[in-house]
Amino acid sequence: MATEHQAPKRVAIRDGLLTEPLDDLAKVRLQGSRCRHCNEVTLGRNAICPNCGGIDMDPVALADHGELWTYTVVRHKPPGDYRGPEPFKPFGLGLVELPDGLRVVSPIEGDVDSLKVGTPLRLKISVHHTGAAGEDVVAFAFAPRL
Ligand SMILES: [Zn+2]
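On a predicted model such as this, the values are computed, not experimentally measured, just so you know.

Undergrad: Pulling in residues and values, what's your account of the side chain of Thr19?
TA: When you line up the elements, Thr19 lands in the loop between β1 (10-12) and β2 (31-35). Beyond its immediate chain neighbours, meaning those up to four positions away, Thr19 contacts Lys27, Val28, Arg29, Leu30, Gln31 and Ala61.

Undergrad: Account for the packing of aromatic side chains, naming residues and giving values.
TA: All chains considered together, the criterion is met by three aromatic pairs. Aromatic pair Phe88 and Phe91: ring centres 6.1 Å apart, planes at 70°, arrangement edge-to-face. Judged by relative accessible area, which is 19%, Phe88 ranks as buried. Positioned above the aromatic ring of Trp69 is the side chain of Arg103, whose terminal nitrogen or guanidinium carbon lies 3.6 Å from the ring centre.

Undergrad: Outline the coordination of the zinc ion, supporting the account with residue identities and numerical values.
TA: Distances from the zinc ion to its protein donors, Cys35 (SG), Cys38 (SG), Cys49 (SG) and Cys52 (SG), fall within 2.2 to 2.4 Å. Here the zinc ion is ringed by four donor atoms whose angles at the metal span 102 to 118°, and the overall shape comes out tetrahedral. Counting residues between consecutive donors of the zinc ion along the chain gives the motif C-x2-C-x10-C-x2-C. Taken together, the residues span a long stretch of sequence, with Cys35 in strand β2 and Cys49 in the loop between β3 (41-43) and β4 (57-61) at a distance of 14 residues.

Undergrad: Please provide a residue-by-residue account of the sheet that holds β4, values included.
TA: With respect to topology, three strands assemble into an open sheet ordered β3-β2-β4, the strand pairing being antiparallel. Two strands close off the open sheet at either side, each with one partner strand: β3 and β4. Across the sheet, the axes of successive neighbouring strands diverge by a mean angle of 35°, strand direction being ignored. Pairing geometry for β2 and β3, over three bridges, is antiparallel. Paired with Ser33 across the strands is Thr42, a residue of β3.

About the thresholds
- Residues numbered from 1 in each chain as written.
- Predicted model: local features only at pLDDT ≥ 70, side-chain atom pairs only at ≥ 80, totals over all residues.
- Heavy atoms only, no water.
- Helix = DSSP H or I, 4+ residues; strand = E, 2+ residues; numbered from the N terminus.
- Contact = heavy atoms within 4.5 Å.
- Phe/Tyr/Trp six-rings, centres within 6.5 Å; stacked < 30°, edge-to-face > 60°.
- Buried < 20%, exposed > 50% of the residue type's maximum accessible area, 1.4 Å probe, protein only.
- Lys NZ or Arg CZ within 6 Å of the ring centre and 35° of its normal.
- Donors = N, O, S within 2.8 Å, 3.2 Å for Na, K, Ca; no water.
- Tetrahedral: all angles 85-135°; square planar, octahedral: opposite > 155°, others 65-115°.
- Pairing = 2+ DSSP bridges.
- Axes fitted to C-alpha atoms, helices over the stretch in contact; angles between N-to-C directions.

Below, the structure is given as structure tokens:
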């Protein structure tokens, strides 16, 4: 009997946060929802518009790029179930303004000392860690566009 290598199952770090399927990470985008009544665009798969309370929401794939609107640098390891690199490395945490008309909180990759408001960024989708059942947990970040 031949043994086949089977890739681990992939799941989004939060349900409804990423477009699917997750097999080709280069094609994965942030999942958004657009309200048919007021056009509000929100992050994630949402059934109810937080702006007008409407219940007619269309799924949309959000842009794969944006601009650094503001940021901070996390210099202390967060407590709890932090799953970043060990030993801990300071990282940027930014508000990324997307052309879709919303701002998204995101880790910002790259040198924390060269972050600047207005920096053009691109979406990065990657396997972040292995989940409890051996699955690949897929997460997002943004990195400076070169
Ligand atoms: Zn609405």
